[in-house]
Amino acid sequence: MVLFIFLILAVIQFGIVMYAQNIVTEAAQEGARVAASADKGIDDGIAVANRNLNMGLGNVDKNVKGSANDEKVVVQTSVKIRSFLPFVGSFVRFDLQGKADMLKEGWRS
């Protein structure tokens, strides 16, 4: 019975990690999309990525970096979340990363 409960908790933990990975990836993509806009810059993209991480994951250890040149922008996000499983939660951490490259807008009609 104890093994069954632990297995159920492990499946739930897997779902939480997959959800968090989707949030991390989405934040990088949305940040890159905003930064690639003709009227925005890399600082705007980093702010959007930070906002999305805060809304999706709350207060976690996060890092958002971005770079831009004349042709493209790159936004990288990373977070560290801990397991909620009993007895191992304080020892097990998950490092999740997301990266998005996007070409800058060239012109508008």
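Details of the structure are given in the entry above.
I will try to describe carefully the structure that is included in this document.

Parameters at a glance
Residue numbers run consecutively from 1 along every chain, following the written order of its sequence. Residue-level local features of this predicted model are given only where pLDDT is at least 70; pairs of side-chain atoms are given and counted only at 80 or more, and the full residue set underlies all totals for whole chains, interfaces and linings. Here the side-chain values reflect all heavy atoms present in the structure, with hydrogen atoms and water set aside. To qualify as a helix, a DSSP run of H or I must reach at least 4 residues; to qualify as a strand, a run of E must reach at least 2; elements of each kind are numbered from the N terminus. Expected span of a helix: the number of residues minus one, times 1.5 Å. For each residue, the accessible area found with a 1.4 Å probe, counting protein chains only, is set against the maximum for its type, and the residue is called buried under 20%, exposed over 50%, and partly exposed in between. Directions pointing from the helix axis toward each C-beta atom define the arc. Contacts between residues were defined by any pair of non-hydrogen atoms, one from each residue, lying within 4.5 Å. Patches draw on residues past 30% relative accessible area with no salt bridge. Two like charges within 9 Å are joined, as are two nonpolar side chains (Val, Leu, Ile, Met, Phe, Trp, Tyr) within 5 Å. Here the Shrake-Rupley method, with its probe set to 1.4 Å, supplies the accessible areas, and only the displayed protein chains count as covering residues. Basic side-chain nitrogens of Lys or Arg form a salt bridge, by our definition, when they fall within 4 Å of a carboxyl oxygen of Asp or Glu.

**Quick notes on helix H2 (residues 42-57)**
Its 16 residues give H2 an end-to-end C-alpha distance of 22 Å, which sits within 8% of 22 Å, the value for a rise of 1.5 Å per residue. Taken together, the buried positions of H2 are occupied by Gly-45, Ile-46, Val-48, Ala-49, Asn-52, Leu-53 and Leu-57. Looking straight down H2, one finds that the buried residues subtend no more than 160 degrees of arc, so they occupy a single side. With respect to the buried face of H2, the exposed residues turned more than 90 degrees away are Asp-43 and Met-55. Where H2 is buried, its residues touch helix H1 (2-35), strand E1 (61-68) and strand E2 (72-82).

**Considerations on a nonpolar patch on the surface**
Taken together, the side chains of Met-1, Phe-4, Ile-5, Ile-8, Ile-12, Ile-16 and Phe-84 make up a nonpolar region of the molecular surface, amounting to roughly 710 Å² of accessible area. Mapped onto the elements, Met-1 comes out in the segment before H1. Of the residues examined, Met-1 reaches a relative accessible area of 75% and is grouped as exposed.

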